[in-house]
Amino acid sequence: MSKKALVVDDEKAIVKGIKFSLEQDGMVVDCAYDGQEAIDMAKANEYDIILLDVMLPKFTGFEVCQQIREFSTVPIIMLTAKGDDMDKILGLEYGADDYITKPFNILEVKARIKAIIRRTTKAPSDEHCLIFGDLKLNEAYRRVFVKEKEINVTSREYELLELLIHNPGKVYSREELLETIWGSEYPGDERTVDVHIRRLREKLEVNPSEPRYVRTKWGSGYYFQG
């Protein structure tokens, strides 16, 4: 069955270009040009991915993302203006899975979409799983479960957790995590790491303020406690 995408941007030329390219890959693509239309379409349809611009009429992309998260875990990729680091952080705060800066290469967009859809494809078994108490990480499908219930984590959140799990007890500084997960070319700063760690704890932990798994070594960084 074809995957279905919703592309949201008030610049019709951008929407037309993305739609054409995704349809070339066999996807079914719906389009929305303002925040209200995007919310209405997300409520009325089941999508495999949503591409969501930050600057929209009626509701901003952040507001749209926040409202969609109240009723859906559909993966959302935010489209942000180049250099707006705070936009990227805010997008992740509101529940986005990833972000792409404008102007973008359509091949990068398609690669991100494919990676996220692969991760959210149903996993058939527990093969290639790492299990620590109630926490289960399926590496073959990049999925996370707590008490057998799937937790919707973003790509970066997954990569952070996977790195920490593979090195239990090893303390990583925020600088090391930023370099390893985001790469040396990433324009943001260490706040990005803190945002992702906090969101991970909110999703994984019974009591995020007293985490069992993702722990803090004060003055040094973060580590995984199995």
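Residues numbered from 1 in each chain as written. Predicted model: local features only at pLDDT ≥ 70, side-chain atom pairs only at ≥ 80, totals over all residues. Heavy atoms only, no water.

Engineer: Would you explain the pairing of strand β3 (residues 49–53) in this entry?
Structural biologist: Looking down a regular strand, the side chains alternate between one sheet face and the other. With five of its five residues buried, β3 lies for the most part within the structure. Because side chains alternate across β3, one face comprises the buried residues Ile-49, Leu-51 and Asp-53, and the other comprises Ile-50 and Leu-52, equally buried. Note that β3 and strand β4 (residues 76–81) share four bridges and pair parallel. Following the sheet pairing, Ile-50 is matched in β4 by Ile-76. With helix α3 (residues 61–68) bridging β3 and the parallel β4, this β-α-β connection has right-handed handedness. (Buried < 20%, exposed > 50% of the residue type's maximum accessible area, 1.4 Å probe, protein only. Helix = DSSP H or I, 4+ residues; strand = E, 2+ residues; numbered from the N terminus. Pairing = 2+ DSSP bridges. Right-handed = clockwise from strand over helix to strand, strands pointing away.)

Engineer: Help me understand α3, please; the structure alone is not making it clear to me.
Structural biologist: Each full turn of the α-helix corresponds to 3.6 residues, which orients residues three or four apart in the same direction. Gly-61, Phe-62, Val-64, Cys-65 and Ile-68 are the residues of α3 that are buried. The buried residues of α3 occupy an angular sector of 160° when the element is viewed end-on, so they sit on one face. (Arc of directions from axis to C-beta.)

Engineer: Which parts of the structure should I look at to understand unusual backbone geometry?
Structural biologist: Keep in mind that most residues, glycine aside, have a negative phi and that most peptide bonds are trans. Following Lys-102, the chain continues into Pro-103 via a peptide bond in cis, with omega recorded as -10°. One non-glycine residue, Lys-58, lies in positive phi territory at about 70°. Relative to the elements of secondary structure, Lys-58 occurs in the loop between β3 and α3. Overall, the relative accessible area of 66% leaves Lys-58 in the exposed class. Here Glu-148, not a glycine, exhibits a phi torsion of approximately 70°, which is positive. Summarising the element assignment, Glu-148 is placed in the loop between β8 (143–146) and β9 (149–151).

Engineer: Explanation requested: the sheet that holds strand β2 (residues 28–32) in the structure shown.
Structural biologist: What links the strands of a sheet is backbone hydrogen bonding, and the strands pair in either a parallel or an antiparallel sense. Overall, parallel pairing links the five strands, which are arranged β2-β1-β3-β4-β5 in an open sheet. Unpaired on one side and paired on the other, β2 and β5 (98–102) mark the two borders of the sheet. Across the sheet, the mean angle from the axis of one strand to that of its neighbour is 20°, orientation sign disregarded. For strand β1 (residues 4–8) and β3, the ladder comprises four bridges, and the chain directions are parallel. Within β3, the residue paired with Leu-6 across the bridge is Ile-50. (Axes fitted to C-alpha atoms, helices over the stretch in contact; angles between N-to-C directions.)

Engineer: Even after reading the chapter, I still don't get the nonpolar core, so can you show me in this structure?
Structural biologist: Where a protein is soluble and globular, its nonpolar side chains tend to be buried together. The biggest cluster of nonpolar side chains holds 48 residues, and the ones touching the most others in it are Ile-50, Leu-52, Met-78 and Leu-161. Element by element, the count of residues in this core is highest for helix α6 (residues 155–166), at six residues. Formed jointly, this core draws a minimum of three residues from each of two domains, domain 1 (4–119) and domain 2 (129–224). Met-27, Leu-51, Leu-79 and Val-109 belong to the second-largest nonpolar core, a separate cluster that totals 17 residues. (Core = buried A, V, L, I, M, F, W, Y, C linked by side-chain atoms within 4.5 Å. Domains from an automatic or database assignment.)

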